[in-house]
Amino acid sequence: MKPKLEVCGVSYSYHTLEGETPALSHISFTVPSGEFLAVIGPSGCGKSTLLSLLCGLLKPEKGNISMDGIPIGQSHAGIGYMLQKDHLFEWRTIYGNVALGLEIQKKLNDDTRRGLREMLEAYGLNGFASARPSELSGGMRQRAALIRTLALKPDLLLLDEPFSALDYQTRLSVCDDISSIIRSTGKTAILITHDLSEAISVADRILILSCRPGKIKALLPIHFPPEYDSPLKRRNAGEFSAYFNRVWELLQEH
């Protein structure tokens, strides 16, 4: 069975008049369908560059990337991208914001409108469909941004530190919320984060990058007993501190 995502020997450098800056070097990994992969590493190691390559905004200088066995440039698979900020438009209602992608792609019809209403209901925002973004908390805004992304039914979700702008308490709650929603949909997801605890609490595996140029130092599987079935519960599991110490050790190795 083909993996959902396959990255093979990918390298990338940024070029300026001053010279070349290698960002990633010989990156290879696969992501099976339905997996939640977290990517961590030092600042400047190429994490966001990796996401830009995965969604086709950048092209690898070496190597190739494929979705379901098809090169990313030729694939018609949908890729959803959640950024650090929710980027909701204040002049549109919450319903107008979550429907924006469907409008742009001319896919807003009775069926997709029904799907939006169902997601607003399921994710606790139905009572705020006519509200403006400024009337919602940070966590509610992020849920709206997720609905906007899921409405297009992407095959792969890329999450670029989507909780980093939130205060710590809200961040814990929203991370628990959104990762549980993503798992319930069975989507394949890749999360970029600087937060080790966050990575351990949400991921099936953690990909650890070295200092720039980013190389893969480790791919660490994460396993918790079935009763620890949410990020908040995982943080209370006995295995959590052992995983944290192991990830920390790998990050400190040079």
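Thresholds, definitions, all that
Residues numbered from 1 in each chain as written. Predicted model: local features only at pLDDT ≥ 70, side-chain atom pairs only at ≥ 80, totals over all residues. Heavy atoms only, no water. Helix = DSSP H or I, 4+ residues; strand = E, 2+ residues; numbered from the N terminus. Rg over C-alpha atoms; globule rule 2.2 N^0.38 Å. Buried < 20%, exposed > 50% of the residue type's maximum accessible area, 1.4 Å probe, protein only. Contact = heavy atoms within 4.5 Å. Areas by Shrake-Rupley, 256 points an atom, 1.4 Å probe, with all protein chains shown as cover. Lys, Arg positive; Asp, Glu negative; His and termini not counted. Charge placed at Lys NZ, Arg CZ, Asp CG, Glu CD. Pairing = 2+ DSSP bridges. Core = buried A, V, L, I, M, F, W, Y, C linked by side-chain atoms within 4.5 Å. Salt bridge = Lys/Arg side-chain N within 4 Å of Asp/Glu carboxyl O.

## Some remarks on the overall build of the protein
Each helix and strand counted, the protein has nine helices and 10 strands in total. Against the globule reference of 18 Å for 254 residues, the protein gives a C-alpha radius of gyration of 19 Å, in line with a compact fold. By principal-axis analysis of the C-alpha atoms, the protein measures approximately 50 × 45 × 40 Å. A burial count over the protein gives 48% of its 254 residues as buried. Sequence-distant contacts, at least 24 apart, represent 70% of the contacts inside the protein between residues at least 6 apart. Approximately 12,600 Å² of the protein is accessible, and the part contributed by carbon and sulfur atoms is 52%. Once the 28 positive and 28 negative side-chain charges of the protein are each reduced to a mean point, those two points are 4 Å apart.

## Quick word on the pairing of strand E2 (residues 19–31)
Summarising the sheet, strand E1 (residues 5–16) and E2 pair through nine bridges and their orientation is antiparallel. When the sheet's bridge partners are listed, Thr16 is paired in E2 with Gly19. Linkage of E1 to E2, two consecutive antiparallel strands, is achieved through a turn of two residues.

## Details of the nonpolar core
Grouped together as the largest cluster of nonpolar side chains are 53 residues, with contacts concentrated most on Ile40, Leu116, Ile147, Ile182, Ile206, Ile208 and Val247. In terms of residues, this core owes the most to one element, helix H5 (residues 138–150), which gives six residues. With 23 residues, the next largest nonpolar core counts Leu5, Val7, Leu54 and Leu158 among its residues.

## Structural notes on the pattern of salt bridges
In this structure the tally under the stated criterion is 11 salt bridges. Salt-bridge contacts for Asp111 lead to Arg114; the nearest nitrogen and oxygen are separated by 2.9 Å. In this pair, Asp111 and Arg114 are both assigned in helix H4 (residues 110–122), three residues apart and thus about one turn of the helix distant. By relative accessible area, Asp111 is classed as exposed at 54%. Arg114 gets classed as partly exposed once you look at its relative accessible area, which sits at 46%. Residue Asp177 pairs with Arg143 through a salt bridge whose shortest N-O separation is 2.9 Å.

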